[in-house]
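# Structural features, examined
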Amino acid sequence: MKRRIILCAAVLMAAVANTFACTNLIVGKNASADGSTIVSYSADSYGLFGELYHYPAATYPKGTMLKVYEWDTGKYLGEIEQARQTYNVVGNMNEYQVTIGETTFGGRPELADSTGIIDYGSLIYIGLQRSRTAREAIKIMTDLVQQYGYYSEGESFTIADPNEIWIMEMIGKGPGIRGAVWVAVRVPDDCISAHANQSRIHQFDMNDKENCMYSPDVVSFAREKGYFNGVNKDFSFSLAYAPLDFGARRFCEARVWSYFNKFTDNGKEYLPYIEGKTDTPMPLFVKPKHKLSVQDVKDMMRDHYEGTPLDISNDFGAGPYKTPYRLSPLNFKVDGQEYFNERPISTQQSAFVFVSQMRSTLPDAIGGVLWFGLDDANMTVFTPVYCNTDKVPYPYQQENGDCVTFSWDSAFWIYNWVADMIRPRYNLMVEDMRTVQNTLEDTYAQSQEGIESAALKLYQQNPAKAKEYLTNYTHMTAQTAVDSWKKLGEFLIV
């Protein structure tokens, strides 16, 4: 496993630990405009260097061992048995279009197991290398933690393929107790859903084996620990393992509310929950008022609550230039009085972001597109990365700089450079950025049908040629976007 993070200084350790990080948005195939399943993810961390990960397909002799390193810190956790066959993974999507994202909810701290070998990040990328469907990924991931132990805190996973999307929530059992308690619920095809650092699965139908899976002891373990003492039908995974507090409601669930508010007519109904006026949670999933496009999801990943009661572009902290960004910590005191800032979906500490488009109507090699960007979704360009890509575009490669080494060849640094110029004078400069951003993304969207039509013809003749064609296109769009962003940076300086 590649190491995910390079910590710049000890101060970043505290920043990472105290950051409300990551957002996943979900669109079922009958809720999307083109029949695709859609999943988004932002990897938010002050200490994470943005890059596009790649794990090539491979075969291994029986008995080969895989070293596991914690995704957040690079700490060596131990060894597990390697699979005989692994699949190509680029970013968070594999060659069968399976996509996995996550948000950390933490939950009860006493349930973390420091003796486990599998952390949540390793679980994602090992799961992607070994699975051909979402259901298979769930089985592989849960089997891994049962066999080797779960190292991380409570976690929500989005696990998707071209036909199904599941939300799985998992937490350990405490120091030295092997395995985890977990529940996975399928999102209906005609619904949207989301999670953002707070457990969202409450009651679930234990008799619906087709749309719900769970560990055998998910309820009994909660009883044993004193987290729950009611009847099974009233059991809430969220209430038992991740009791709600102010931050979980306002900094985390509020991001889900913003998504539901945008695409349903239920925003006013759910707002009292965000404001702390009721403890009745929002539904896990809802039907949207219209079908969502991939662009709708990209735009939502750029959200700062604009036009809602939580809009941060017009409050005192926005300053004269209406900036929708706030520094951490979100809580602060003035003259003994405690205040807080909102935490929107789009945030300056993102390392990378993607919107995954998965389509059952096309061969996997063509149907799976990871629309990928570095840094904050609001100030990046989503470029298409096809799931059969077996070489990372040069600007997205790991070797181009790190979090303390600037590189003009690194997309992560170029997007950060431009964003850092815009944020202090936001409303004076953001439209210049938006013009370039829209032009590039519109060009890629308009080209998609033609590119994929040509790739399909090649695929029918020679799949290897189609793979080469789409890999070259992936590289070209990544480089074009970075080159355009360099020009934008030069324009902004002048």
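From a predicted model like this one, the values you see are computed outputs, not experimental measurements.

### Description of the overall build of the protein
- Looking only at helices and strands, the protein has twelve helices and 21 strands in total.
- In terms of C-alpha radius of gyration, the protein reaches 22 Å, essentially the compact-globule figure of 23 Å for 494 residues.
- C-alpha atoms of the protein, sized along the principal axes, occupy 65 × 65 × 45 Å.
- Across the 494 residues in the protein, those meeting the buried criterion constitute 60%.

### So, the side chain of Thr389
- Relative to the assigned elements, Thr389 resides in the loop between β21 (383-386) and α10 (411-422).
- Given a relative accessible area of 0%, Thr389 falls into the buried group.
- A distance of 2.7 Å separates the side chain of Thr389 from the backbone oxygen of Tyr386, its partner in a polar contact.
- Contacts of Thr389, omitting those with residues within four sequence positions, involve His54, Asn88, Val90, Leu470, Thr471 and Thr474.

### So, the state of the cysteines
- In this structure the tally under the stated criterion is zero disulfides.
- Unpaired in this structure, Cys191 has its nearest cysteine sulfur neighbour in Cys212, at a distance of 15 Å.
- When its relative accessible area of 5% is taken as the criterion, Cys191 is described as buried.

### What to know about the pairing of strand β13 (residues 180-186)
- In terms of residue burial, β13 counts as a mostly covered element, since seven of its seven residues are buried.
- Side-chain alternation along β13 places Ala180, Trp182, Ala184 and Arg186 on one buried face and Val181, Val183 and Val185 on a second face that is also buried.
- Pairing between strand β12 (residues 165-172) and β13: seven bridges, direction antiparallel. The residue bridging Trp166 from the neighbouring strand is Arg186, located in β13.

### Overview of the nonpolar core
- In this structure, Phe157, Phe204, Phe235, Tyr241, Tyr259 and Phe352 are the most contacted members of the largest nonpolar core, which totals 152 residues.
- With ten residues, the single largest contributor to this core is α10.
- Residue contacts for Tyr241: discarding those within four places in its chain leaves Phe105, Gly107, Arg108, Leu111, Ile171, Val181, Asp217, Val218, Phe221, Ala222, Tyr227 and Phe235.

### Points about the pattern of salt bridges
- This structure, assessed with the given rule, holds 23 salt bridges.
- Measuring nitrogen to oxygen at the nearest pair gives 3.0 Å for the salt bridge that ties Arg186 to Asp189.
- According to the relative accessible area criterion, Arg186 is buried, its value standing at 16%.
- The residue Arg423 makes a salt bridge to Asp375 at a minimum N-O spacing of 3.8 Å. Taken together, the residues Arg423 in the loop between α10 and α11 (426-461) and Asp375 in the loop between β20 (369-374) and β21 connect sequence positions 48 residues apart.

### Points about the packing of aromatic side chains
- The tally for this structure, following the rule as stated, stands at 32 aromatic pairs.
- An angle of 85° between the planes, with centres 5.0 Å apart, marks the rings of Trp408 and Trp417 as edge-to-face.
- Overall, Trp408 belongs to the partly exposed group, its relative accessible area being 47%.
- The positively charged end of Lys298 is found above the aromatic ring belonging to Trp371, 3.8 Å away from the centroid.
- A cation over a ring is seen here: Arg423 above Tyr325, with NZ or CZ 4.8 Å from the ring centre.

### A look at unusual backbone geometry
- The residue after Ser328, namely Pro329, is reached through a cis peptide bond having omega 0°.
- Mapped onto the fold, Pro329 is located in the loop between α8 (294-300) and β17 (331-334).
- Positive phi outside glycine occurs at Asp335, with the angle close to 55°.
- By secondary structure assignment, the location of Asp335 is in the loop between β17 and β18 (337-340).
- Not every positive phi belongs to a glycine, and Asp375 is a case in point at roughly 70°.

### Comments concerning a nonpolar patch on the surface
- A surface patch of nonpolar side chains, amounting to about 250 Å² of accessible area, comprises Phe332, Val334 and Tyr339.
- By secondary structure assignment, the location of Phe332 is in strand β17.
- Overall, Phe332 belongs to the partly exposed group, its relative accessible area being 35%.

### A closer look at helix α12 (residues 463-493)
- With 31 residues, α12 ought to run about 45 Å at 1.5 Å a step, and its terminal C-alpha atoms sit 46 Å apart, in line with that.
- Measuring from the backbone nitrogen of Ala464 back to the side-chain oxygen at the start of α12 gives 3.0 Å, which picks out Asn462 as the cap.

### Thoughts on the sheet that holds strand β2 (residues 37-44)
- Taken in spatial order, the seven strands make up an open sheet running β16-β14-β1-β2-β19-β20-β21, and their pairing is antiparallel. The open sheet has two free edges, formed respectively by β16 (285-286) and β21, since each of these has just one partner strand.
- Each of β1 (23-27), β14 (192-195) and β16 touches helix α6 (residues 246-263); the most contacted strand, β14, lies at about 160° to it.

### A short note on the confidence of the model for the protein
- Averaged over every residue, the pLDDT of the protein is 94; residues scoring 70 or more account for 96%.
- Across residues 1-19 the pLDDT falls below 50, and counting only partners more than four positions away or on other chains, this stretch makes 45 contacts in the model.

### Side note on the pairing of β18
- Where β17 and β18 come together, four bridges link them in antiparallel fashion. Opposite Lys333, over in β18, you have Glu338 as the bridge partner.
- As consecutive antiparallel partners, β17 and β18 are separated by two residues, and within that stretch Asp335 has a phi angle of approximately 55°, a positive value.

Criteria and thresholds
- Residues numbered from 1 in each chain as written.
- Predicted model: local features only at pLDDT ≥ 70, side-chain atom pairs only at ≥ 80, totals over all residues.
- Heavy atoms only, no water.
- Helix = DSSP H or I, 4+ residues; strand = E, 2+ residues; numbered from the N terminus.
- Rg over C-alpha atoms; globule rule 2.2 N^0.38 Å.
- Buried < 20%, exposed > 50% of the residue type's maximum accessible area, 1.4 Å probe, protein only.
- Polar contact = N/O pair within 3.5 Å; in protein donor to acceptor, adjacent residues only side chain to side chain.
- Contact = heavy atoms within 4.5 Å.
- Disulfide = S-S within 2.5 Å.
- Pairing = 2+ DSSP bridges.
- Core = buried A, V, L, I, M, F, W, Y, C linked by side-chain atoms within 4.5 Å.
- Salt bridge = Lys/Arg side-chain N within 4 Å of Asp/Glu carboxyl O.
- Phe/Tyr/Trp six-rings, centres within 6.5 Å; stacked < 30°, edge-to-face > 60°.
- Lys NZ or Arg CZ within 6 Å of the ring centre and 35° of its normal.
- Patch = residues over 30% accessible without salt bridge, like charges linked within 9 Å, V, L, I, M, F, W, Y side chains within 5 Å.
- Areas by Shrake-Rupley, 256 points an atom, 1.4 Å probe, with all protein chains shown as cover.
- Expected span 1.5 Å × (residues − 1).
- Axes fitted to C-alpha atoms, helices over the stretch in contact; angles between N-to-C directions.
- pLDDT = per-residue confidence, 0-100.

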